[in-house]
Amino acid sequence: MLDIKLIRSNPEEIKRALEKRGTQANLEEFLKLDEERRNLLVEVEQLKSLRNRESEEIARRKKQGEPADDLIEKMREVSSKIKEMDDRLKEIEGKLEQLLLMIPNIPDESVPVGESDADNVELRRWGDPRKFDFEPKPHWELGEALDILDFERAAKITGSRFVVYKGAGARLERALINFMLDLHIEKHGYKEIFPPFIVNRASMMGTGQLPKFEEEAFKLYNNTDYFLIPTAEVPVTNLHMNEILEKDDLPIYYVAYSGCFRAEAGSAGRDTRGIIRQHQFNKVELVKFTEPDKSMEELEKLTKDAEEVLQLLGLPYRVVALCTGDLGFASAKTYDIEVWMPSYNRYVEISSCSNFKDYQARRANIRYRPEKGAKPQFVHTLNGSGLAVGRTTAAILENFQQADGSVVIPEVLRPYMGGMEVITAK
RNA sequence: GGAGAGAUGGCUGAGUGGUCGAAGGCGCUCGACUGGAAAUCGAGUAGACGGGGAAAAUCCCCGUCUCGCGGGUUCGAAUCCCGCUCUCUCCGCCA
């Protein structure tokens, strides 16, 4: 959510910034309502002030045993007028809130301007895509042949876009989760969080999934207002909803494993094969709360923390800066990490690292005190995948496959796999 | 799921219709005392929104709102009524 005062004082600048995203917000209506609200507020507050003063007078008279009927009668009218105006105010504020919640974040100055993912800017590459001396197979073929991924049975027990991991596949997925968590906890200083996989509406609002993207979320219908989390970002960022943190608490680094659940509405026909795009997947998520002037450098660090996972696994990747047109709704700046995927013959997103600045903090009301006794200020929030686990499994299968269809397990994972070095068909 | 109790500031805890944004205590900040510290004494110490001032602010002045959330009664609600959420205790159920 943007700062109302910023919109009020600088609507043109915000309009320009949002146009770079390819969205236009209805700022005229917003500003009109905002002005109406303030005029009404001044009026009703004057009436309330009058009521407060006269109420004291009534109290005084009653105590003295003097009659106060005339004042009471007068205040009866004032009060009913106040009620009318308060109702109108509430209506306006509701509309303002709705408009405000639909306005995306402003891109940072450093974000390249562009319309689509074609305009994203590659920043760096690590590792070289492997040259195969045989025809490499896509991970779904490898997985089925090794009997570690089972799409048919997943479709039977649930539906499309679900998968069953079996045997060494299940263990590989679990090994990756533990490896990633351990790396971020032990080496990068994150604190582990194991959050609920179900959140309420306020949390979904706080991080920006709602109200605009409700059709993307899985909603629980027996519990009127619960959602399956699309990412651990939601429960973990909202951990500090409505809190005022101390300066000494910052920065906060959290890492959380969670299942993630996405309706994937509108992506029919995209990545239908394999485990790249599923309704349920595993992810290890990095979340940071920082002081405003530190968030940009913290984004760089967070991205590096995620990159290190790929480096240790030996998977080639590149990092791109998302352009303004490709930026997520709540993000001010995003780096995508893309892993080399032989079956796609291109780099595929495996992590998205974003600085939301104060956008989420304002929605979720997460503040801190810059100094003892100072006024609270909104923190900056950041998050990034560290990494998407299912896609990492897919990348390992494809990049480390051998001519006979077996897959070499990266060395760093072997301790998590009971020493297993190669996954072979039984 | 059933029965009961409760939700007040950073914490604790008083307050059953008016002078209560809220006693007392703890904590914290500043000052005094001290060679320094402790103890002691004094002062201060919630947030949001809006108006005015100022070049501007997280500054100054004024007003309004907030005692879990929402509604109601009343001239006036932390206090009375209704609904909801959460916490605790007991019972039931359950991994």
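As a starting point, this report considers the structure included with it. (Residues numbered from 1 in each chain as written. Chains lettered and ligands numbered in written order. Predicted model: local features only at pLDDT ≥ 70, side-chain atom pairs only at ≥ 80, totals over all residues. Heavy atoms only, no water.)

1. So, helix 12 (residues 389-399)
An α-helical turn contains 3.6 residues, so a residue and the one three or four places further along point in the same direction.
Point 1. Counting buried residues in helix 12 gives eleven out of eleven residues, a clear majority hidden from the surface.
Point 2. Every buried residue belonging to helix 12 is among Val 389, Gly 390, Arg 391, Thr 392, Thr 393, Ala 394, Ala 395, Ile 396, Leu 397, Glu 398 and Asn 399, and all of these are buried. (Buried < 20%, exposed > 50% of the residue type's maximum accessible area, 1.4 Å probe, protein only. Helix = DSSP H or I, 4+ residues; strand = E, 2+ residues; numbered from the N terminus.)

2. Structural notes on the packing of helix 3 (residues 27-64) against helix 4 (residues 69-101)
Point 1. Close contact between helix 3 and helix 4 brings their axes to 8 Å; oriented N to C, the two are set at 155°. Here helix 3 is positioned roughly antiparallel relative to helix 4, judged by the angle of their axes. For the element pair helix 3 and helix 4, the recorded crossing hand is left-handed.
Point 2. Class assignment for the residues of the contact of helix 3 with helix 4 results in 19 nonpolar, one polar and 18 charged. (Axes fitted to C-alpha atoms, helices over the stretch in contact; angles between N-to-C directions. Parallel < 35°, antiparallel > 145°, perpendicular 65-115°, else oblique. Left-handed = near helix turned anticlockwise from the far one by under 90°. Nonpolar A, V, L, I, M, F, W, Y, C, P; charged D, E, K, R; others polar.)

3. Considerations on the layout of surface pockets
Point 1. The computed volume of the second largest pocket comes to approximately 380 Å³.
Point 2. If you trace the second largest pocket, you find 19 residues lining it, with Leu 6, Glu 13, Ile 106, Pro 107 and Lys 357 closest to the centre.
Point 3. Listed by contribution, the elements that provide at least two residues to the lining of the second largest pocket are helix 2 (11-21) and helix 11 (359-364).
Point 4. For the lining of the second largest pocket, the leading source of residues is helix 2, giving five residues. (1 Å grid on protein atoms, 1.4 Å probe; cavity = no way out; pocket = protein on both sides within 12 Å on 5 of 7 lines; lining within 4 Å. Points joined across faces, edges and corners; volume = space filled by probe spheres on them.)

4. Comments concerning the sheet that holds strand 5 (residues 198-200)
Point 1. The strand order across the open sheet built from three strands is 5-7-6, with neighbouring strands paired in antiparallel fashion. The outermost strands of the open sheet, each flanked by one partner alone, are strand 5 and strand 6 (219-220).
Point 2. Across three bridges, strand 5 lies against strand 7 (residues 226-228) in antiparallel orientation. Across the sheet, residue Val 199 finds its bridge partner in strand 7, namely Phe 227. (Pairing = 2+ DSSP bridges.)

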